[in-house]
Amino acid sequence: MLELIIRRTLNVIPICLVVFTIVFCLMRIAPGDPATAMLGDYASAEAVQSLRQEMGLDRPLWSQYLDSLRGLLHGDLGRSLSSGAPVSDQIASALPETLALAASSLAIGLLLGVPLGIVTAVRRGRPVDHAGRLFSLSGLSIPSFVLGILLMLLFAIDVPIFPAIGGGRSGDLSDQLLHLALPSLTLGLIMMAYVTRVMRTSMLNVLQEDYIRTARSKGIGELRVVLRHALPNCLVPLVSLCAINVIVLISSSVMVEIIFSRPGLGRLLISAMRQRDYVSLQSVLVVYAGIVILVNMTADLLYGVVNPRIRSR
Amino acid sequence: MACLLVAVTLSTAQAADRALRMAYDIGDIATLDPHRGSSHVDRAIADMLFNGLVRVPPGQANISTVEPDLAESWEVGDGGKRWVFHLRHGVMFHPWKDHPAYEMTADDVVFSLEKAMDPKTSAYASEYDGFTVKALDRYTVEIDTAQPVSETLFLAKVMNYAGGFIVSKKAYEDLGPDGFRLHPVGTGPFMFKDYVPKERISFVANERYFRGKPKLPGVELLFMPDVSARGIGLRTGELDLIQGSSEESWVKLMRSYPGISVKVFGPGSASILFLNTKSKPLDDIRVRQAIAYALSRQAVVAAIGAETATPLYAPFPGEYLPGGLTTEEVRAKGLDYPTDIAKAKALLAEAGYPDGISLDVVHTELAVMLRPMENIQAQLRKAGINLNLKVVDHPTFHSLIRKDASQIVHYMAWRPNADVFLTRFYDSSSDITAGSKPDTNFSHYSGVDGLIAEAKATTDARKQAELWKRASVQILEDLPAIPVFQGRVAMGVRDTVDLGYDLDANLAFFIPITETVYLSD
C-alpha cells in the first residue's frame, strides 16, 4: 500500500510539469498581454512597452519558460503580474476556501443522497420513489448558477437567514460557516441528485442478489438486510462517483465562487484570465491538476478499503 | 446546522459608525500607483487616496469648474508657457508602516510630476511632452512648457485625474515602485489599510485631511464581477453602493426595491464606430456614408434605455467638453445622417456594390458593448451591409484591434478634453500601425492633423474651441468614424448613503467617496 501511495504521488510531478508547459505555451499564444490589461486603453504604446520590459515579457519565451520552471521546481510560484503579490500567498489563501466548499458540498450530497437513494430503492414504484426520482432529476437539470441565485433570493432576501456574498471575516469561524452555507447547499443539492440516482440503481441491483434472498429467508429484518448486507456492496460505485464528482465540484465551484463572491481558487482563476496574469494562471492550473490527480489517487486507495477483493489484486 | 444557527445569532449587523462597503465589476485591481492605474476601479481608489494641484469638484466633470486642491492659487506667464502654483500649507501625507505623517511640500509635487512624465513609471507620460517642473521654494512650484498651453489643456494635466495625482516622495523612495503599487501613500481623505488580492481593499479615514475629518470611519471595496451578486448584496444590506448595469431594465428593477436608489450620471463613455479608411470597401466615402445612413441611433438607444443612453452625433459631445458639437449644431450643418435605408442602398450601388458588402469585425464579449453592436449588425443588414462579428474576450479584442484585424472597431471610451479625444483617435501620429506614437487611430485618418496642431498651439480658449469644432465638422464630413451613443453610468446606492454633494457627473465610472459621504442609521 505504501509503495502504491509513493508511486502515485511521484506520478503527480511529471503530469504537473506537462500541464504547466501546456498552459505556459497556450497563454503566450493567446492574444492580449498583461501590460495592456494592467495599464488599460488610455496608456500610450510607449508606456505599455516600458511595463512589458519591467515585467520581463520582452525576453525570449524559452528564457521566461526556464525561469518559471526553475521557480516552480523550487516551490517559488512567482509574483502576480497584476497585483504584484506572491502567487503562493494567493493560492494559500484561496485553496482552503475552495476545498472547504467542495468538502461541505460533498458532505451535504452524501448525507442527503445516500438515505434518499436507499429509500427510493427499497420503496421502488411507490410515491416516495417517484418523488425522490423527480427531486434528483431536478437537481441534475438545474445549472449551479441558477440554483445559487434562487437560494440567494430565498435565504438571503426573502427569509434573510444567511449572508449572500463573500467568505466571511478572517478568523471568525461562525461567520465563515454562515458564508459557506448557501454556496455549499448550491453544490451539495446538485451532488445529492447524482448520489441519489447512483445509490438507487446500485441498491436495486444488490437487493436482487442471491445472498440478499438468503439473508431474508433466514428471517433477518429488512433494515438489517439493507444496512448490513446490501449497503456495503453499493459503496464501490459510490466511491467512483465521489471521485468523479469531487473533480466536478471543484470545477463547478468556479461559477459558484463568482456568484457568491467567495475568495476561492475559481475567482483567482477567472481574474487571472481576465487580466492575462500568466504567472497566477499557470500556478492555479497546476494546483487544479494536482488536486485532480490526488483525488483520483485517493479514490483508487479507497476502492481497496471498501472492497478487499480489489486490494488483493 | 447548530453551528450555523449559532453563527446567525452572533452575526447581527451593526449599522452605525461602520465602514462604507461598495462593490465594483472587477476581478482585481491592476495597480494602486495612480500614475499607472487606468481602470475605473483604479481611478476610484486613487480619487480617495490622492489629490491633484487642482480638482474638478466632486459630482462635476466639466473642466471649466476646476478649483484649487493642493494648490491654493496659480499664475500663468510667458504667454502660457510658465505656470506657477502656490501650495497649501499644512497638508499632511498619510503615515505608512513605521513612518509618521509629514507635510507635503514642493519637493513632493516636483517628484510626482516628474514621475508622471516618465513612461517607465507612468501610463500618462505622453501627455507631458515638453514639460519641465521645478521647486521655487518650499511651497511654490513652477511648470514650464516648450509650447504655449491653454488653461483648458494645462489644468487637465495637474488635476485629480490620471497623471495629476501627487504622491509622497518619501514613501515612494522608501517602498520602491513595487512596494508603492501595493501600499499607496497620498494626501486624500482616506488612507490605505489592507489589500486582499482578488477579494477586497480597505481604507481608513485620514483624520488629518486638510478639508476636514471624513464622516466615514473607513471604506471597503469588494471586487465582484457578477452584477446579480452585487445587486443581491445591495438588497441584503451587505453592500451600500454598487456598480450597476447601464441597461435601463436593471435601473428600473433596482429602483423597485425598497431602500435602494440608482444614480445615473454622465458623461460615461462615447460609443463610436471607427471605420478603417485604408481597407476596401471602406476607403470609399460613399460606403462609409451608406453605413451612417443605415444606422438608427434611436433604435440602439431604445434597446439600452433612454435614461442610460442618448444618441451621439458628434465625435465627442459638446454637452460635456468645450469645443464639442451639440446635436443641434450637427443637425444644423446637415451632418447627422438621418436613417435612410434606400439612400444607403443607393450609395452602395453608386460605389459599385449593388449586392451589398461584407465586413469583418472583431468585437469584445463585454455585454455593454456587444448588445448595441448586435443591434447595429441587424440594422445594417437591412441595407445589405453584413458584419461578420468575431466575438473574443476583452484583452484579445484590445490586442487584435491594435493589429488592424478589424475593419470596423466599436470603441467605448471617455477622454478628459477635446484635444485628447482628437489627438488619440484622429491624429495621424496616433495611427495604430503607421503613427509616430501608435495609439487608437483605428481609422488611419489624417484629415484634421493641422486643426489639432493649431488648436494645441493657441491659448485663446474661444479660438481653441472653434478649431476643435471645425475638426469635428471635418470628421463628420470625412466619416472616418460614426458616433452612435453616449452611455451613462448607473450605480446602485442604499438610501442610508448620503454623498454630501450633488452628483451630476464624474470623469470616470465611479461615485467619488469624499470626506462628506456618510452613512445614516
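Everything quoted here is computed from the prediction, not taken from an experiment.

Residue and element names in this part refer to chain A. Per the UniProt entry, the sites bearing "transmembrane region" (unreviewed entry) are residues 12-30, 99-122, 134-157, 177-195, 234-260 and 280-306 in this numbering. With 95% helix and 0% strand, residues 12-30 has end C-alpha atoms that lie 27 Å from one another. Between the C-alpha atoms that bound residues 134-157 there is a distance of 27 Å. The span itself is 92% helix and 0% strand.

With that out of the way, let us pick up the sheet that holds strand β4 (residues 71-77) of chain B. Residue and element names in this part refer to chain B. Pairing in this open sheet of 4 strands is antiparallel, and the strands run β4-β5-β7-β6 from one edge to the other. The strands lining the two open edges of the sheet, one partner per strand, are β4 and β6 (131-137). This sheet shows a mean twist of 20° between the axes of neighbouring strands, independent of strand direction. In the sheet, β4 pairs with strand β5 (residues 82-87) via 6 bridges, with the strands oriented antiparallel. If you follow E75 over to β5, its bridge partner there is V84. Along the sheet, helix α3 (residues 106-117) contacts β5, β6 and β7 (140-145); its crossing angle with β6, the most-contacted strand, is approximately 175°.

This part covers the environment of G221 of chain A. Here G221 of chain A is to be found in the loop between α9 (210-217) and α10 (222-259). In this structure the C-alpha to C-alpha distance between G221 of chain A and P232 of chain A, which are 11 residues apart in sequence, comes to 17 Å.

A few words on the domain arrangement of chain B. When the parts of a complex come together, some accessible area is lost, and that lost area is often taken as the interface size. Residues and elements named next belong to chain B. Per the domain assignment, the segments making up chain B are domain 1 (1-47 + 188-265 + 490-521), domain 2 (51-184) and domain 3 (270-487). Facing the 13 residues of domain 2 at the interface are 15 residues of domain 3. Where domain 2 abuts domain 3, roughly 1,200 Å² becomes buried across the two surfaces, and 55% of that area is made up of carbon and sulfur atoms. The interface formed by domain 2 and domain 3 holds 2 salt bridges in total. Here K437 and D129 are joined by a salt bridge, their closest N and O atoms 2.2 Å apart. Counting every contact that joins domain 2 to domain 3 gives 3 residue pairs in polar contact (both at pLDDT 80 or more).

Turning our eyes to something else, we now look at the nonpolar core. Membership of the largest hydrophobic core comes to 264 residues, with the highest contact counts inside it found for L53 and I143 of chain B. In terms of residues, this core owes the most to one element, α10 of chain A, which gives 16 residues. Each residue touching L53 of chain B, except ones within four places of it in the same chain, is listed here: P68, D69, L70, A71, F85, L87, V109, L113, I143, V158, G164 and I166 of chain B.

Next up on the list: unusual backbone geometry. All names here are of chain B. Geometrically, the link from G266 to P267 is a cis peptide bond, its omega value of -5° lying close to zero. Position of P267 relative to the elements: it lies in strand β12 (residues 260-275). Cis geometry marks the peptide bond from K280 to P281; its omega dihedral reads 0°. Of note, Y337 is a non-glycine position whose phi angle comes to about 45°, a positive value. Mapped onto the elements, Y337 comes out in the loop between α10 (327-332) and α11 (341-350). Taking the relative accessible area as the measure of exposure, Y337 reaches 6% and is therefore buried. Positive phi values are uncommon outside glycine, yet H444 reaches one of about 60°. Look at H444 and you get buried, because its relative accessible area is 8%.

In this numbering, the UniProt entry assigns the feature "domain: Solute-binding protein family" (unreviewed entry) to residues 65-429 of chain B. For the annotated span residues 65-429 of chain B, helix accounts for 32% and strand for 25% of the residues, and the straight-line distance between the end C-alpha atoms is 31 Å.

With 59 residues of chain B at the interface, the matching set in chain A holds 49 residues. Applying the counting criterion to the chain B and chain A interface returns 2 salt bridges. Here K198 of chain B makes a salt bridge to D277 of chain A, at a shortest N to O gap of 3.8 Å. The tally of links between chain B and chain A comes to 6 residue pairs in polar contact (both at pLDDT 80 or more). Here the element with the most residues in the side of chain B that touches chain A is helix α6 (residues 227-236) of chain B; it accounts for 6 residues.

Okay, a nonpolar patch on the surface next. There is a patch of nonpolar side chains on the surface, built from L2, I6, L10 and I13 of chain A and spanning about 410 Å² of accessible area. Overall, the relative accessible area of 47% leaves I13 of chain A in the partly exposed class.

Here, UniProt's "domain: ABC transmembrane type-1" (unreviewed entry) annotation points to residues 95-303 of chain A. Spanning residues 95-303 of chain A, this segment combines 84% helix with 0% strand, and its end C-alpha atoms are found 26 Å apart.

Turning our eyes to something else, we now look at the domain arrangement of chain A. By domain assignment, chain A separates into domain 1 (34-76) and domain 2 (92-270). On a C-alpha basis, the centres of domain 1 of chain A and domain 2 of chain A stand 43 Å from each other.

On to the pairing of strand β10 (residues 218-223) of chain B. Residues and elements named next belong to chain B. The element β10 is extensively covered by neighbouring structure, given that 6 of its 6 residues are classed as buried. Both faces of β10 are covered, namely the face carrying G218, E220 and L222 and the face carrying V219, L221 and F223. Two elements, strand β1 (residues 20-24) and β10, share 5 bridges in a ladder whose sense is parallel. Bridge pairing in β10 places A23 opposite L222. As paired strands, strand β9 (residues 200-205) and β10 are joined by 5 bridges and run antiparallel to one another. Opposite F203, over in β10, you have V219 as the bridge partner.

Reading guide: rules and limits
- Residues numbered from 1 in each chain as written.
- Chains lettered and ligands numbered in written order.
- Predicted model: local features only at pLDDT ≥ 70, side-chain atom pairs only at ≥ 80, totals over all residues.
- Heavy atoms only, no water.
- UniProt positions renumbered as here; feature names shortened; annotations may be inferred.
- Helix = DSSP H or I, 4+ residues; strand = E, 2+ residues; numbered from the N terminus.
- Pairing = 2+ DSSP bridges.
- Axes fitted to C-alpha atoms, helices over the stretch in contact; angles between N-to-C directions.
- Contact = heavy atoms within 4.5 Å.
- Domains from an automatic or database assignment.
- Buried area = accessible area lost by both parts, 1.4 Å probe.
- Salt bridge = Lys/Arg side-chain N within 4 Å of Asp/Glu carboxyl O.
- Polar contact = N/O pair within 3.5 Å; in protein donor to acceptor, adjacent residues only side chain to side chain.
- Core = buried A, V, L, I, M, F, W, Y, C linked by side-chain atoms within 4.5 Å.
- Buried < 20%, exposed > 50% of the residue type's maximum accessible area, 1.4 Å probe, protein only.
- Patch = residues over 30% accessible without salt bridge, like charges linked within 9 Å, V, L, I, M, F, W, Y side chains within 5 Å.
- Areas by Shrake-Rupley, 256 points an atom, 1.4 Å probe, with all protein chains shown as cover.

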